[in-house]
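What follows is each chain in one-letter form.
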Amino acid sequence: MEMIRQNIRKYLDSIPNGVELVAVSKFHPQEAILAAYDEGQRIFGESRANEFVDKAKSLPEDIKWHFIGHLQTNKVRQILPFVSLIHSIDSERLLTLVDSEAKRINRVVDVLLQVHVAQEETKYGFAPDELILLIKDERIASLKNIRLRGIMGMASNTDDTNRIEQDFIAIKKTFDTLKVLPNIDNNFNIVSMGMSDDYLLAITHGSTMVRIGSSIFGCRY
């Protein structure tokens, strides 16, 4: 646990002002989360609904829980009472479902739209052009129980730094394009990109939120 405390202090001290750290705690025990919590970390990222809910029910109430993995529609109701921000809205169907379920429990839920720019076909998300059409659609303006906070994207899984850099540039360009469209307000201010291996490059290209797991908590069990 001392290693986790040292790692979280390093990141909290080194990440620039204006960039938030999401400590990706999926697959790690509650004791590991509490070690980071004791050093001042308050935002944690989970990707499996059952694990997420168990932790949210057991750990301190001032933790802000982010759901960062692919969100299945049949898990929306389960996570919604506890989630602070959903990173992975990857379809219009999921967006409208989150809105209706949030309305049911009288919440307004913050969400990020997931953009797909990476070379892998396996990654989820909207193409940039699809996001532009989505935001322009007046049906989106009618969704009152979600708050569009920004976008999330992942770079290609490669050792090619130039490819990763181009992906980050494309993600930030998409954000800049969306931010000035109708139906977007000042709450739209988050660019979630960058993980343990590439977060510094992501910050250079405009990331306001980085998702770091293994460099804080070590290998997952």
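For every chain, the first residue of the written sequence is number 1, and numbering continues from 1 along that sequence. Local features in a predicted model are, by the rule used here, given only for residues with pLDDT of at least 70; side-chain atom pairs are given and counted only at 80 or more, and totals for whole chains, interfaces and linings are based on all residues. Where side-chain values are given, they derive from all heavy atoms of the structure, hydrogens and water being excluded.

A. A look at the pattern of salt bridges. Whenever a carboxyl oxygen of Asp or Glu lies within 4 Å of a side-chain nitrogen of Lys or Arg, that contact is scored as a salt bridge. Counted according to the given criterion, the structure contains 13 salt bridges. Of the charged contacts, one joins R77 and E101 as a salt bridge, the two residues approaching to 2.9 Å between their closest N and O atoms. Here R77 is found in helix α4 (residues 76-79), whereas its partner E101 is found in helix α5 (residues 92-104), with 24 residues between them in sequence. Taken together, the salt bridges that share partners define one network made up of E2, R9 and E39. The helix count covers DSSP runs of H or I at least four residues long, the strand count covers runs of E at least two residues long, and both are numbered beginning at the N terminus.

B. Up close: unusual backbone geometry. Here N106, not a glycine, exhibits a phi torsion of approximately 60°, which is positive. Inspection of the secondary structure puts N106 in the loop between α5 and β5 (109-115). Between buried and exposed lies partly exposed: a residue is buried under 20% and exposed over 50% of the maximum accessible area for its type, with that area taken using a 1.4 Å probe on protein chains only. On the accessibility criterion, N106 (70% relative accessible area) is exposed. In the Ramachandran plot, N183 falls in the positive-phi region, its phi being about 75° despite a non-glycine side chain. For N183, the location among the structural elements is in the loop between α8 (161-179) and β7 (190-192). Taking relative accessible area as the criterion, N183 reaches 31% and is therefore assigned partly exposed.

C. Expanded view of the environment of I4. Looking at where I4 falls in the secondary structure, it is placed in helix α1 (residues 2-14). Residue classification places I4 among the buried positions, given a relative accessible area of 5%. Between the C-alpha atom of I4 and that of G153, which follows or precedes it by 149 residues, the distance is 26 Å. By definition, residues are in contact when any of their heavy atoms lie within 4.5 Å. Discounting chain neighbours no more than four positions away, the residues touching I4 are A32, A35, A36, I216 and F217.

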